[in-house]
Amino acid sequence: MLTKLKALPEQVKQYLIVTGNYWGFTLTDGALRMLVVLHFHQLGYTPLAIAMLFLFYEIFGVVTNLVGGYLGARLGLNRIMNIGLGLQVAALCMLLVPNTMLTLVWVMAAQGLSGIAKDLNKMSAKSSIKMLVSSDSAQESSQKLYGWIAKLTGSKNALKGAGFFLGGALLSLFGFKSAIAIMAAGLAIIWIMSIVSLKKDLGKAKSKPKFSEIFSKSRSINILSAARLFLFAARDVWFVVALPLYLGSQFGWDHYYVGGFLALWVIAYGFVQTQAPKLTSRADGHPPGGKEALFWVFALAAIPGLIALALMFNVSPELSLLMGLMIFGAVFALNSSLHSFLIVHYASDDGVSLDVGFYYMANAMGRLLGTVLSGYVYQVAGLEACLWISSGMLAITALISLYLPKN
C-alpha cells in the first residue's frame, strides 16, 4: 500500500493525505456528536439541554474561521490542519475525566474545542484543494476543481453519517469512556502520520497578510458569503432541534430510530453532493456560476413551505415530512456543493485560506443562527413555523444570489 502511494504523483498524494485527514476527523466528529446525544439522554438531560451542549461548538466556529484563515495564509495550511487534528484529540481526552467532573459546563467546553478543531480542519482541507489543482486551461482546471471539491465535501458528509452509526455502536459495545478513548487513539495515529507526510507550507501566502485583511475585499466572495449564511440558517432552523424532537414526540420514534434515520439522511446527502458536478454544470461543459446558484436555491425555497402546508392540513403528515425531507436534502446537497466550489473558485491563489476562512465564518454564523432559532421557534410555535422561516431565509438567499457573477 505504501509503495503504491509513493508511486503516485505528488499532487495526488497530497490530495489523498488531505482527504484521509478530513475523513478521519469527520468520523470522530459525527461519532462524538452521537455519543454525547445518546449518553446525556440516558443521564436524563432534556433534548433542548442536549442541543445547548453544542452551542459553543457553533459559536467558536465564527471566530475560528476568521482567525484560522489568517493563520493558514501566514503559517501554511498543513500546520493549521495538524493543529485541528491535535485539538480534536485534546477535546476527546477532555471527556475521559471522572464522572464527577463531567459537568454541563465541562462538556460544553470540550464541544467548543471540538468546534474550533472542526473548522480549522475543514477550512484547511477546502483551501488545500485550490493549491493542488493544476491544468493547461482555465475551464479544465475549474472542472477538475469542482470534481475534487464535490468528492471531498460529499464523502465528508457521508462519513459524518457513518460516524453517527459508529458512535452508537461504540457506545453499545464499550460504554462512553472506552468509546471516547478508542476514537482518541485512532485519531492520534492519523495526526502523527499527517505531521510526517503532509507537504510543508501548503497554501502559505507569498506576502504576509495583515490581520486587518481577514475581512474579504472581494465583492463576489462577500455576496456568496451572505448567501451561504442564510442558506445554512434555513437548513438548521428546522433540522437541528425541531426535526428530531418532532419525530420523537409526534411520530413516537425512539431515540435510536431518530438517530439512525438522520444518519442515513446525512449519508445520502453526502452521496448527492459527489454527483453535483454532473447535475449542475452547464451543457457546454463549462463549470456553473451565479446563474446556476440562483436556479438551485430558487428550486429549494419552495420545499419547506410545501412541507409546512402538508402538515398544517394534515395531509399524511409522516409521509409528507419524510418525502419532503428527502427531496429537500437532495436539492440542498446540490446547493451546498455548488457553493463550496464557487468559494474556492473565487478565492485568491495567494492566501486562499483568507477568503475561504471568511466564507466559512459566514457559514458558521448561519449554523449558529439556525440552531438557536430551531430550539426557540419550535418551543413557542412548532415545526410548521420553523419550516416557514426556512422558506423565507431561502428566498433571501435567492435574492442575494441575483448579484453573483453569472459566469
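Residues numbered from 1 in each chain as written. Predicted model: local features only at pLDDT ≥ 70, side-chain atom pairs only at ≥ 80, totals over all residues. Heavy atoms only, no water.

Asks: Which parts of the structure should I look at to understand the packing of helix 9 (residues 219–239) against helix 16 (residues 383–401)?
Replies: In a pair of packed helices, the angle between the axes and the distance between the axes together describe the arrangement. With their axes 8 Å apart at the nearest point, helix 9 and helix 16 run at an angle of 165° to one another. Here helix 9 is positioned roughly antiparallel relative to helix 16, judged by the angle of their axes. Judged by the sense of rotation from one axis to the other, the crossing of helix 9 with helix 16 is left-handed. Residue-level contacts link I223, A226, A227, F230, L231, A233, A234, V237 and W238 of helix 9 to L383, C386, L387, I389, S390, M393, L394, I396, T397, I400 and S401 of helix 16. (Axes fitted to C-alpha atoms, helices over the stretch in contact; angles between N-to-C directions. Helix = DSSP H or I, 4+ residues; strand = E, 2+ residues; numbered from the N terminus. Parallel < 35°, antiparallel > 145°, perpendicular 65-115°, else oblique. Left-handed = near helix turned anticlockwise from the far one by under 90°. Contact = heavy atoms within 4.5 Å.)

Asks: What exactly am I supposed to notice about the packing of aromatic side chains here?
Replies: For any pair of aromatic rings, the description consists of the separation of the ring centres together with the inter-plane angle of the planes. This model, assessed by the stated rule, comprises 14 aromatic pairs. Seen in terms of ring centroids, W253 and F261 are 5.4 Å apart; in terms of plane orientation they differ by 80°. Their pairing is edge-to-face. For W253, a relative accessible area of 10% corresponds to the buried category. Taking the centre distance of 5.1 Å and the plane angle of 85° together, the rings of F295 and W296 count as edge-to-face. The class of F295 is exposed, set by a relative accessible area of 51%. Ring pairs connect the aromatic residues F232, W238, F239, W265, Y269, F328 and F332, which therefore count as one cluster. (Phe/Tyr/Trp six-rings, centres within 6.5 Å; stacked < 30°, edge-to-face > 60°. Buried < 20%, exposed > 50% of the residue type's maximum accessible area, 1.4 Å probe, protein only.)

Asks: Is there a simple way to think about the side chain of T371 in this case?
Replies: In this structure, T371 sits in helix 15 (residues 352–381). If we skip the residues at most four places from it in the chain, T371 touches E58, D236, V240 and V241.

Asks: When you look at the nonpolar core in this model, what are you seeing that I'm missing?
Replies: Nonpolar side chains in soluble globular proteins tend to end up buried together. The biggest cluster of nonpolar side chains holds 118 residues, and the ones touching the most others in it are W238, L247, L321 and L383. Top contributing element to this core by residue count: helix 14 (residues 317–346), with 14 residues. Look past the residues within four positions of L321 in its chain and what remains in contact with it is W238, L243, Y246, L247, F251, I307, L311 and L383. (Core = buried A, V, L, I, M, F, W, Y, C linked by side-chain atoms within 4.5 Å.)

Asks: What exactly am I supposed to notice about a nonpolar patch on the surface here?
Replies: A cluster of nonpolar side chains, contributed by L306, L309, M312, F313, V315 and W388, occupies part of the molecular surface with about 630 Å² of accessible area. Here the nonpolar patch takes three residues from helix 13 (residues 290–312), the largest share from any one element. Within the fold, W388 resides in helix 16. (Patch = residues over 30% accessible without salt bridge, like charges linked within 9 Å, V, L, I, M, F, W, Y side chains within 5 Å. Areas by Shrake-Rupley, 256 points an atom, 1.4 Å probe, with all protein chains shown as cover. Salt bridge = Lys/Arg side-chain N within 4 Å of Asp/Glu carboxyl O.)

Asks: It is not clear to me how the environment of L229 should be interpreted in this structure. Could you clarify?
Replies: When you line up the elements, L229 lands in helix 9. A relative accessible area of 17% means that L229 is categorised as buried. Distance from L229 to Y360, taken between C-alpha atoms, is 8.8 Å for residues 131 residues apart in sequence.

Asks: Explain the environment of A158 here, please?
Replies: Within the fold, A158 resides in helix 7 (residues 138–174). Note: C-alpha distance between A158 and F271 (113 residues apart in sequence) is 6.4 Å. Here A158 is in contact with V266, I267 and G270, once residues within four sequence places are set aside.

Asks: How do you make sense of the pattern of salt bridges when you look at a structure like this?
Replies: Side-chain pairing between opposite charges can occur once the charged atoms of the two side chains come close. One pass over the full model with this rule turns up three salt bridges. The salt bridge partner of D29 is K160, with a shortest N-O separation of 4.0 Å. Placement of D29 in helix 2 (residues 10–42) and of K160 in helix 7 is noted, with a sequence separation of 131 residues between them. Judged by relative accessible area, which is 7%, D29 ranks as buried. K160 sits in the buried class, given a relative accessible area of 15%. Across the pair K118 and D119 runs a salt bridge, and its minimum N-O distance is 3.5 Å. Judged by relative accessible area, K118 falls into the buried class, the value being 11%.

Asks: Could you clarify how one ought to interpret helix 13 in this entry?
Replies: Residue pairs spaced three or four apart in an α-helix point in one direction, given the helix's 3.6 residues per turn. Taking 1.5 Å of rise per residue, the 23 residues of helix 13 would be expected to cover 33 Å, and the 34 Å separating its terminal C-alpha atoms lies within 8% of that figure. One or two steps after helix 13, the chain reaches N314, where phi turns positive at roughly 55°. (Expected span 1.5 Å × (residues − 1).)

Asks: Hey, could you run me through unusual backbone geometry in this one?
Replies: Trans peptide bonds make up the majority, and among non-glycine residues the majority have a negative phi. The backbone phi angle of N314 is positive, close to 55°, even though this residue is not glycine. For N314, the location among the structural elements is in the loop between helix 13 and helix 14. With a relative accessible area of 56%, N314 lands in the exposed category. In this structure, S316 takes a positive phi of about 40° despite not being glycine. Within the secondary structure, S316 sits in the loop between helix 13 and helix 14.

Asks: So what exactly am I meant to see when it comes to the side chain of S336 here?
Replies: Summarising the element assignment, S336 is placed in helix 14. Setting aside residues no more than four positions away along its own chain, S336 makes contact with R228, F232, Y269 and Q273.

Asks: How should I be thinking about helix 10 (residues 242–251) in this particular structure?
Replies: Residues of helix 10 that are buried include every one of A242, L243, Y246, L247 and F251, and no others. Projected down its long axis, helix 10 carries its buried residues within an arc of 130°, all on one side. Looking one or two residues beyond helix 10, the residue adopting positive phi is G252, at roughly 75°. (Arc of directions from axis to C-beta.)

Honestly, that's just the spatial picture; any functional story needs more than this.
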